[in-house]
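# Reading the structure
Next come the chains, spelled out residue by residue.
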Amino acid sequence: LTDDDMFSSVFCENSEKLINVHLFALAAKYYSLSSLGVCTPLEDILEALKGDSQGATGIKPDEFMNNKKSHEVQVMSELVDNIANYCGIRQVIDIGSGKGYLSSFLSMQYNLKVYGIDSSNSNTHGAHERNRKLKKHWRAYQSRGRANLKCQSLEKPNDRAVESEIKYKTINEELLNNANILQIQDQVIMQDLVPSCEFTEMSTSQTRTETEADLVAQAQSPESKHSEEVLAILNVLPADAVEVFSSSHSNWRKICEEEKVQRKMASLKTKARKSSESNLYFPLTSSITAETELSDIITDLEDCMMVGLHTCGDLAANTLRIFTAKPEIKAVCSVGCCYHLLSEQFEIQEECCDKVWGFPMCQYLKDEEWCCGRNARMSACLALERVAAGQMLPTESLFYRAVLQVIIEEIYGVTRSDRHVGKTYSKSSSFIDYVRKSLKKLELDDSKLPDSCIMDYYEKYKHRMNELEAFNMLKVVLAPCIEVLILLDRLCYLKEQENIAWSGLVKLFDPVKSPRCYAVIALKKQSC
């Protein structure tokens with residue numbers, strides 16, 4: 001039997017009404033992502049990228065975010081770090097970064113340079129404020145993370161020999177970097193006191209002959225701590241205060257070009273150190289579209305990857321378009337949400353040639369002029385796994401909203417509005433209160449609508465509340481099928497691009513904790 005034959009008895013051929021609910025549920029499950037077999041397991045991705053799926057230890061995100069966000073950030077950040085390492089890049093652009101939960105964790109835990117871009121000024125302000133608070137715990141988190149990595153390498157010397165060596169090397173390299181910065185900065189201070197090319201050459205020679213152990217010891221020595229205290233005072237001064245000599249030192253020998261370059265590098269490293277200590281990441285405010293030039297937003301743009309944790313509506317589609325168009329973006333990991341906010345090319349029969357639509361993306365669905373419609377996209381946002389786990393739908397609030405729509409159409413003659421009721425239900429004490437608050441939000445005059453009239457509508461439809469609940473349960477069952485269509489459209493779009501080495505769908509999160517749990521991932525060919 002074909003699939004069509006198998007499920008042909010779900011609906012009546014004549015009336016097209018649903019006649020077999022059980023078969024309807026089976027058909028919906030059959031066409032869900034979990035049953036279609038198109039997803040790549042997360043464990044397989046991690047194994048291909050780094051050889052195992054062992055999670056990184058160190059900072060626990062649940063120390064500074066809720067359980068849902070902690071779960072999302074911990075899982076996604078590990079994957080992002082592995083992709084970045086595989087591609088040999090250290091810069092990450094977080095699209096729709098919000099208050100910077102993912103961005104700050106990527107920076108703190110994995111030492112990635114992250115730019116978080118969000119269109120909301122309030123979100124960017126919140127990210128800056130959160131940055132300020134996390135800065136207080138920066139050193140403590142780093143120290144604890146290193147200690148945990150060291151303990152892990154000591155506990156499993158045989159099983160994780162190579163991995164432990166890499167982690168130990170990472171710790172030493174971090175200490176070495178700090179030591180090198182201190183040494184260069186100490187050199188700049190001394191050069192201000194005794195400026196000569198001979199001194200510079202002597203210091204350079206010493207630097208080359210010092211061993212790794214010497215440098216680590218230097219970073220931990222009292223002398224280095226004293227140097228840090230001196231540099232803390234110098235950091236208050238303008239950068240150029242310790243960068244070049246004053247022309248008044250006419251009795252000193254002319255500075256050689258090599259020394260100038262060395263001082264310039266020292267100054268840049270000093271600024272970089274100060275920046276890394278004061279910023280866990282860089283929150284920016286900008287609205288992202290498919291035509292956005294990232295180099296206009298990020299001045300030091302380099303080879304990087306784009307990430308998005310629950311990018312809303314068209315932003316998920318635009319993230320993929322920017323990824324395919326910009327050669328400096330080597331990989332993408334995007335988890336979309338808010339399907340109801342997607343713009344659809346064939347939903348409204350209007351010619352709009354210049355607009356870039358959120359759906360469809362792939363050429364096949366464009367050729368078919370495929371359209372979901374707002375109701376279907378709203379259904380795609382429902383959480384089947386949560387309902388199955390006992391988290392029932394908010395039936396009463398849905399009932400309130402349905403009756404309100406009848407009132408608006410019959411009393412006010414309004415069938416469409418650009419305004420939204422929003423979360424009025426949670427702020428209302430009764431159905432009457434809900435209706436009046438909603439009418440004010442919609443800028444409709446509620447004075448001509450007495451309480452008795454409002455309650456008449458409530459009583460008229462109250463007996464149909466169970467019917468509404470059953471209807472919404474059917475929508476929940478169908479939700480994964482509609483989500484499949486949207487996600488496969490995005491995956492097919494990537495498959496159509498010639499510069500993509502690999503692309504796939506990966507189930508990242510526990511769907512009960514985070515219903516929008518699928519990531520679209522792609523890596524470019526090395527030459528692209």
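This structure is a prediction, so every number in the text was calculated from the model and none was measured.

What counts and what doesn't
Residues numbered from 1 in each chain as written. Predicted model: local features only at pLDDT ≥ 70, side-chain atom pairs only at ≥ 80, totals over all residues. Heavy atoms only, no water. Helix = DSSP H or I, 4+ residues; strand = E, 2+ residues; numbered from the N terminus. Polar contact = N/O pair within 3.5 Å; in protein donor to acceptor, adjacent residues only side chain to side chain. Contact = heavy atoms within 4.5 Å. Salt bridge = Lys/Arg side-chain N within 4 Å of Asp/Glu carboxyl O. Buried < 20%, exposed > 50% of the residue type's maximum accessible area, 1.4 Å probe, protein only. Axes fitted to C-alpha atoms, helices over the stretch in contact; angles between N-to-C directions. Parallel < 35°, antiparallel > 145°, perpendicular 65-115°, else oblique. Left-handed = near helix turned anticlockwise from the far one by under 90°. Lys, Arg positive; Asp, Glu negative; His and termini not counted. pLDDT = per-residue confidence, 0-100. Phe/Tyr/Trp six-rings, centres within 6.5 Å; stacked < 30°, edge-to-face > 60°. Lys NZ or Arg CZ within 6 Å of the ring centre and 35° of its normal. Arc of directions from axis to C-beta. Core = buried A, V, L, I, M, F, W, Y, C linked by side-chain atoms within 4.5 Å.

In this structure, S77 sits in helix α5 (residues 67-87). A distance of 2.7 Å separates the side chain of S77 from the backbone oxygen of V73, its partner in a polar contact. Among all residues touching S77, those that are not within four sequence positions of it are L102, F105, L106 and Y110.

What follows deals with the pattern of salt bridges. Scanning all chains against the criterion turns up 13 salt bridges. The residue K68 makes a salt bridge to E72 at a minimum N-O spacing of 2.6 Å. Taken as a pair, K68 and E72 lie in helix α5 at a separation of 4 residues, close to a single helical turn. Note that E443 is salt-bridged to R419, the shortest N-O span being 2.9 Å. Here R419 lies in the loop between α19 (395-412) and α20 (431-441) and E443 lies in the loop between α20 and α21 (451-461), a separation of 24 residues in the sequence. Taking relative accessible area as the criterion, E443 reaches 55% and is therefore assigned exposed. By relative accessible area, which is 42% here, R419 ends up partly exposed. Via salt bridges that share partners, K68, K69 and E72 belong to a single interconnected network.

Bringing the packing of α20 against α21 into the picture now. The geometry of α20 relative to α21 is characterised by a closest axis approach of 10 Å and an angle of 110° between their N-to-C directions. If you check the angle between α20 and α21, you find them roughly perpendicular. Along this stretch, α20 crosses α21, giving a crossing that reads as right-handed. Taking contact as the criterion, the partners of F431, I432, V435 and R436 in α20 are, on α21, D451, I454, M455 and Y458.

Mapping K524 onto the fold places it in strand β7 (residues 518-524). No salt bridge is formed by the buried K524. Its closest oppositely charged neighbour is E328, at 7.0 Å. Only 2.5 Å separates the side chain of K524 from the backbone oxygen of F323, close enough to count as a polar contact. The residues contacting K524, other than those within four sequence positions of it, are F323, T324, K326, P327, I329, K330, N499, I500 and A501.

On average, residues of the protein chain score 77 in pLDDT, and 65% of them are at 70 or above. Counting contacts from residues 156-254, a segment whose pLDDT is below 50, to residues more than four positions away or on other chains yields 95 contacts. Counting interchain partners and residues more than four positions distant, the pLDDT-below-50 stretch residues 274-279 has 7 contacts.

Our focus in this paragraph is the packing of aromatic side chains. According to the stated counting rule, one finds 11 aromatic pairs in the structure shown. Aromatic pair F105 and Y110: ring centres 6.4 Å apart, planes at 80°, arrangement edge-to-face. The pair formed by F105 and Y110 is uniform in burial state, with each residue classed as buried. Each ring, one from F431 and one from Y434, has its centre 6.5 Å from the other, and the planes form 25°; the classification is stacked. With F431 and Y434 both in helix α20 and 3 residues apart, the pair spans about one turn of that helix. Looking at F431, the relative accessible area reads 4%, which means it is buried. Classification of Y434 by relative accessible area gives buried; the value is 3%. Cluster of aromatic residues (ring-pair linked, three or more members): F399, Y400, Y425, F431, Y434 and Y458. A cation sits over an aromatic face here: K355 above W357, 5.2 Å from the ring centre.

Right, let's get into helix α4 (residues 42-50). For α4, the set of buried residues is L42, I45, L46 and L49. The buried residues of α4 all sit within an arc of 95° when viewed along its axis, so they share a single face. Against α5 and β6 (500-507) lie the buried residues of α4.

Now for the nonpolar core. Core analysis: the biggest nonpolar cluster contains 72 residues, and M76, L79, M305 and L508 have the highest contact counts within it. Formed by 23 residues, the second largest nonpolar core is a distinct cluster that contains V403, V406, Y457 and L468.

Omega for the bond connecting F359 with P360 falls within 30 degrees of zero, at -5°, which places this linkage in the cis form. Backbone geometry places H310, a non-glycine residue, at a positive phi of 60°. In this structure, H310 sits in strand β4 (residues 304-312). What makes H310 buried here is its relative accessible area of 18%. Phi at E369 is positive, roughly 50°, even though this residue is not glycine. The residue E369 is located in the loop between α16 (363-367) and α17 (374-380) in this model.

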